[in-house]
Amino acid sequence: MNIEKKTLPEQHYIYVDRESPMGPEIAEAMGSGFGEVFGFVAQAGITPLSMPMTLYTAMPSGSTMTFRAGVIVSAEDAAKASGNVKAATIPAGEAVTATHVGPYTNMNVTHQSLWAHCDEKGYTKAMPVWEVYVDDPGEVPEAELRTEIYRAVS
């Protein structure tokens, strides 16, 4: 697995909040979130700058996961957020990143590798953590799905 440290620019995104039990329900919560965001994108004439993404502002605790389902957009398009669709930014700064290849259910292995890499290099782990779903699971076989995983570090 190739893990890199990158300096990233500020990135604007729009999102909806979602919460789900840890387990297979996460897929349904993400799907409904992406449906709501991309419905808004189409209605508002917004041009996505990424594939769908989830962003975590805190690590899961207990049996519930809280996340933001969204997409990276321009600052101008982020200003169009309204109703349940909110806008935020991923601050400019350093992050470690790796591309997970395979089923979403195995992404914890890639996350654990990123955390271990941070510890080995002496990086201070920070938030947010985010995932960009590069491939459409309706078009790409599960074993070939690519997900870019990022973790802010300082």
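Residues numbered from 1 in each chain as written. Predicted model: local features only at pLDDT ≥ 70, side-chain atom pairs only at ≥ 80, totals over all residues. Heavy atoms only, no water.

### Concerning the pairing of strand 8 (residues 146–153)
Link 1 in the chain: Most of strand 8 is tucked away, with six of its eight residues classed as buried.
Link 2 in the chain: In terms of strand pairing, strand 6 (residues 93–101) meets strand 8 through seven bridges, oriented antiparallel. When the bridges of strand 8 are listed, Ala95 appears paired with Ala152.
Link 3 in the chain: Here strand 7 (residues 125–133) runs beside strand 8; their pairing, made up of six bridges, is antiparallel. For Lys125, the partnering residue across the bridge sits in strand 8 and is Val153. (Buried < 20%, exposed > 50% of the residue type's maximum accessible area, 1.4 Å probe, protein only. Helix = DSSP H or I, 4+ residues; strand = E, 2+ residues; numbered from the N terminus. Pairing = 2+ DSSP bridges.)

### Looking at helix 1 (residues 25–44)
Link 1 in the chain: Between its terminal C-alpha atoms helix 1 stretches 29 Å, which fits the 28 Å expected from 20 residues at 1.5 Å a residue.
Link 2 in the chain: At its buried positions, helix 1 is contacted by strand 2 (11–21), strand 3 (53–56), strand 4 (64–73) and strand 7.
Link 3 in the chain: Positioned one or two residues after helix 1, Gly45 has a phi angle of 70°, which is positive. (Expected span 1.5 Å × (residues − 1). Contact = heavy atoms within 4.5 Å.)

### Observations regarding the nonpolar core
Link 1 in the chain: Of all hydrophobic cores here, the largest spans 29 residues; its most connected members are Ile14, Met30, Tyr56 and Phe67.
Link 2 in the chain: Within the residue set of this core, elements represented by two or more residues are strand 2, helix 1, strand 4, strand 6, helix 3 (107–121), strand 7 and strand 8.
Link 3 in the chain: Counting residues in hydrophobic clusters, the runner-up holds twelve residues, among them Leu55, Ile90, Ala95 and Val132. (Core = buried A, V, L, I, M, F, W, Y, C linked by side-chain atoms within 4.5 Å.)

### A few points about the pattern of salt bridges
Link 1 in the chain: The tally for this structure, following the rule as stated, stands at seven salt bridges.
Link 2 in the chain: Between Lys5 and Glu94 there is a salt bridge, and its shortest N-O distance comes to 3.2 Å. Placement of Lys5 in strand 1 (residues 4–8) and of Glu94 in strand 6 is noted, with a sequence separation of 89 residues between them.
Link 3 in the chain: Note on Lys5: relative accessible area 35%, which makes it partly exposed.
Link 4 in the chain: Between Asp119 and Lys125 there is a salt bridge; the shortest N-O distance is 2.5 Å.
Link 5 in the chain: Residue class for Lys125 comes out partly exposed when judged on its relative accessible area of 31%.
Link 6 in the chain: Residues joined by salt bridges that share partners form a network here, namely Asp17, Arg68 and Lys86. (Salt bridge = Lys/Arg side-chain N within 4 Å of Asp/Glu carboxyl O.)

### Here's the deal with the sheet that holds strand 8
Link 1 in the chain: With respect to topology, eight strands assemble into an open sheet ordered 1-6-8-7-3-4-2-5, the strand pairing being antiparallel. Every other strand in the sheet has two partners, leaving strand 1 and strand 5 (86–90) as the edge strands with one partner each. This sheet shows a mean twist of 35° between the axes of neighbouring strands, independent of strand direction.
Link 2 in the chain: Contacts from helix 1 reach strand 2, strand 3, strand 4 and strand 7, with the element oriented near 145° to strand 2. (Axes fitted to C-alpha atoms, helices over the stretch in contact; angles between N-to-C directions.)

### What about helix 3?
Link 1 in the chain: With 15 residues, helix 3 extends 21 Å between its outermost C-alpha atoms, agreeing within 8% with the 21 Å of an ideal straight helix rising 1.5 Å per residue.
Link 2 in the chain: Regarding helix 3, the residues found buried are Met107, Thr110, His111, Leu114, Trp115, His117 and Cys118. Around the axis of helix 3, the buried residues are gathered within 160° of arc, so they sit on the same side. Residues of helix 3 that are exposed and point over 90 degrees away from its buried face: Asp119 and Glu120. (Arc of directions from axis to C-beta.)

### Looking at the packing of aromatic side chains
Link 1 in the chain: One pass over the structure, following the stated rule, counts five aromatic pairs.
Link 2 in the chain: Measuring from ring centre to ring centre gives 6.3 Å for Tyr56 and Phe67, while their planes differ by 55°; the resulting arrangement is tilted. Of this pair, Tyr56 sits in strand 3 while Phe67 sits in strand 4; the two residues are eleven residues apart in sequence, bridging distant segments of the chain. As far as the burial class goes, Tyr56 and Phe67 line up, both buried.
Link 3 in the chain: When the centroid spacing of 5.5 Å and the interplanar angle of 80° are considered together, the rings of Tyr104 and Tyr133 count as edge-to-face. Within this pair, whereas Tyr104 is found in the loop between strand 6 and helix 3, its partner Tyr133 is found in strand 7, the two being separated by 29 residues in sequence.
Link 4 in the chain: The partly exposed category is assigned to Tyr104, whose relative accessible area is 29%.
Link 5 in the chain: By relative accessible area, Tyr133 is classed as buried at 5%.
Link 6 in the chain: Members of the aromatic cluster, connected to one another through ring pairs, are Phe34, Tyr104 and Tyr133.
Link 7 in the chain: The ring of Trp115 is capped by Arg151, whose NZ or CZ atom sits 4.3 Å from the centre of that ring. (Phe/Tyr/Trp six-rings, centres within 6.5 Å; stacked < 30°, edge-to-face > 60°. Lys NZ or Arg CZ within 6 Å of the ring centre and 35° of its normal.)

In short, shape yes, function no, at least from these values alone.
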